[in-house]
There are 2 protein chains.
Amino acid sequence: MSPQRRRQHLVETALQLYRQRPPQDVSVDEIAAEAGVSRALFYRYFTNVGALHGAALGSVVDELTGRITAAAEGPLEAQLRAALGEFFAVVRRYPDSYAALLSTGSATAAGLGDLVERLRGHVVDLVLERLGLSDPQPLLLLTLRGWVSVVETALLTWLPNPEPAQEHLESWLVGQLLAMLRATAAHDPACAEQLAGAL
Amino acid sequence: MSPQRRRQHLVETALQLYRQRPPQDVSVDEIAAEAGVSRALFYRYFTNVGALHGAALGSVVDELTGRITAAAEGPLEAQLRAALGEFFAVVRRYPDSYAALLSTGSATAAGLGDLVERLRGHVVDLVLERLGLSDPQPLLLLTLRGWVSVVETALLTWLPNPEPAQEHLESWLVGQLLAMLRATAAHDPACAEQLAGAL
């Protein structure tokens, strides 16, 4: 294998293991054994297991941002539903990794907190773009950040026991966003002006 | 000083220091020096600095839960405003500690994640009680948990740069909760039935 291919293979092996266990429970020994390489070879590609976790979770975040950006057709509600559908599809493949990414434990380990912030920022930017807002009022920005945390909380609660059905949860989340935005518009005239026509 | 008084004094000294810096930046040496005791004496009361941080932040969480429980007069919106006012008052005294409590870094250090969960659970129970709900639908519970995360996100964004004014942010947060609950009622007939009369 070429060095680049070998590195990618280690990342993919880690992601496979994350399907059964969160990153912090996956060791260098396991990854090396599963990938069929020696520990020594592993350390030629990554300085420590945290560096691999960062690269692997980074690739999940890249996939997430790529996929939710792609869905951009139709009216606002349909766009949001499509984007949430893509988001859910990726998160359901790596539920433990997603929980680990958001949870307190591993976020510090390898600058993973930055990954989470990047993802949150991307979602906020995306909704702003779909709303046609380039210079949002602070309270509008707070509304969108708040909604992102609602999505995260809902996913973390829902993933271990996926009831109600995914479509139901997605449409509930879209309804929450629209209700939050309308409440912000009702609360603040400057926000109402920015949102006029978008909702 | 009695042992109990001495212990309490160390907790209060730590809380004083947290006003300037987050817990993870406060050392045993500093606390001991500030409290006028030796390191040896410190370790008679706490096995390590993490144990003191846990005790000190636990006392803040106790104060928070006590104060937000006390405000229970008048109509729902006024009750929520009063509870948020108490919450904000305590958090503004310890902004760094609150951020540290919620942030990734220190939450793992000494089981502080449990403190955060205790506080969140308390807020959810309180709102349920004020809504007159003893056995809430899952989606209603998700709505309340989501709103708690909106409050946390808003506070973390707002504390370093407190604009708009506190009253403005409080009433915005109350508006968000009511809008979220109404959207949940509109989405799910069983939730609508539970909320009938409460909103």
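Everything numeric here is computed off the predicted structure, so don't read it as measured data.

This part is about the overall build of chain A. Helix and strand counts for chain A stand at 11 helices and zero strands. Along chain A, from the amino end to the carboxyl end, the secondary structure elements read α-α-α-α-α-α-α-α-α-α-α. Along the first, second and third principal axes, the C-alpha atoms of chain A reach 60 × 35 × 30 Å. Residues counted as buried form 36% of the 199 residues belonging to chain A. Long-range pairs, those at least 24 residues apart, make up 63% of the contacts in chain A with a sequence separation of at least 6.

Before going further, it helps to examine the nonpolar core. In this structure, A:Ala14, A:Leu173, A:Met180, B:Ala14, B:Ala56, B:Leu173 and B:Met180 are the most contacted members of the largest nonpolar core, which totals 102 residues. Setting aside residues up to four positions removed in sequence, B:Ala14 forms contacts with B:Val26, B:Ile31, B:Leu52 and B:Ala56.

For the rest of this paragraph, the subject is the relation of the copies chain B and chain A. Once chain B is rotated about the relating axis by 180° and shifted along it by 0.0 Å, it coincides with chain A to within an RMSD of 0.1 Å. In short, the pair behaves as if placed about a two-fold rotation axis. Looking at the interface residues of chain B, 100% of them are also at the interface in chain A, so both copies use one shared face.

For the rest of this paragraph, the subject is helix α5 (residues 76-93) of chain B. Residue and element names in this part refer to chain B. Here α5 is 18 residues long and its end C-alpha atoms lie 26 Å apart, about the 26 Å a rise of 1.5 Å per residue gives. Residues of α5 that are buried include every one of Leu-80, Ala-83, Leu-84, Phe-87, Phe-88 and Val-91, and no others. Projected onto a plane normal to the axis of α5, the buried residues spread over an arc of 140° and lie on a single side.

Taken together, the 25 residues of chain B in the interface contact 25 residues of chain A. Of all the elements in the fold, those that place two or more residues in the side of chain B that touches chain A are α7 (104-109), α9 (138-158) and α10 (166-187) of chain B. Sorting elements by how many residues they give to the side of chain B that touches chain A places α9(B) first, with 10 residues. Residue composition of the side of chain B that touches chain A, grouped by class: 11 nonpolar, 11 polar and three charged.

In this structure, B:Ala190 sits in helix α11 (residues 189-195). Once the C-alpha coordinates of B:Ala190 and B:Leu139 are considered, the two residues, 51 residues apart in sequence, prove to be 9.4 Å apart.

Let's shift gears to the confidence of the model for chain A. Residues and elements named next belong to chain A. With 93% of its residues at a pLDDT of 70 or more, chain A shows a mean pLDDT of 88. At the level of individual helices and strands, chain A shows its lowest average pLDDT in helix α7 (residues 104-109), which scores 43, and its highest in helix α10 (residues 166-187), which scores 96. Low pLDDT, under 50, characterises residues 104-110; the predicted model gives this stretch 25 contacts beyond four residues in sequence or across chains. Scoring of the predicted complex yields 0.87 for pTM and 0.86 for ipTM.

Conventions adopted
- Residues numbered from 1 in each chain as written.
- Chains lettered and ligands numbered in written order.
- Predicted model: local features only at pLDDT ≥ 70, side-chain atom pairs only at ≥ 80, totals over all residues.
- Helix = DSSP H or I, 4+ residues; strand = E, 2+ residues; numbered from the N terminus.
- Buried ≥ 20, exposed ≤ 12 C-beta atoms within 10 Å, placed from the backbone.
- Contact = placed C-beta atoms within 7 Å.
- Core = buried A, V, L, I, M, F, W, Y, C linked by C-beta atoms within 7 Å.
- Least-squares fit on C-alpha atoms with pLDDT ≥ 70 in both.
- Expected span 1.5 Å × (residues − 1).
- Arc of directions from axis to C-beta.
- Nonpolar A, V, L, I, M, F, W, Y, C, P; charged D, E, K, R; others polar.
- pLDDT = per-residue confidence, 0-100.

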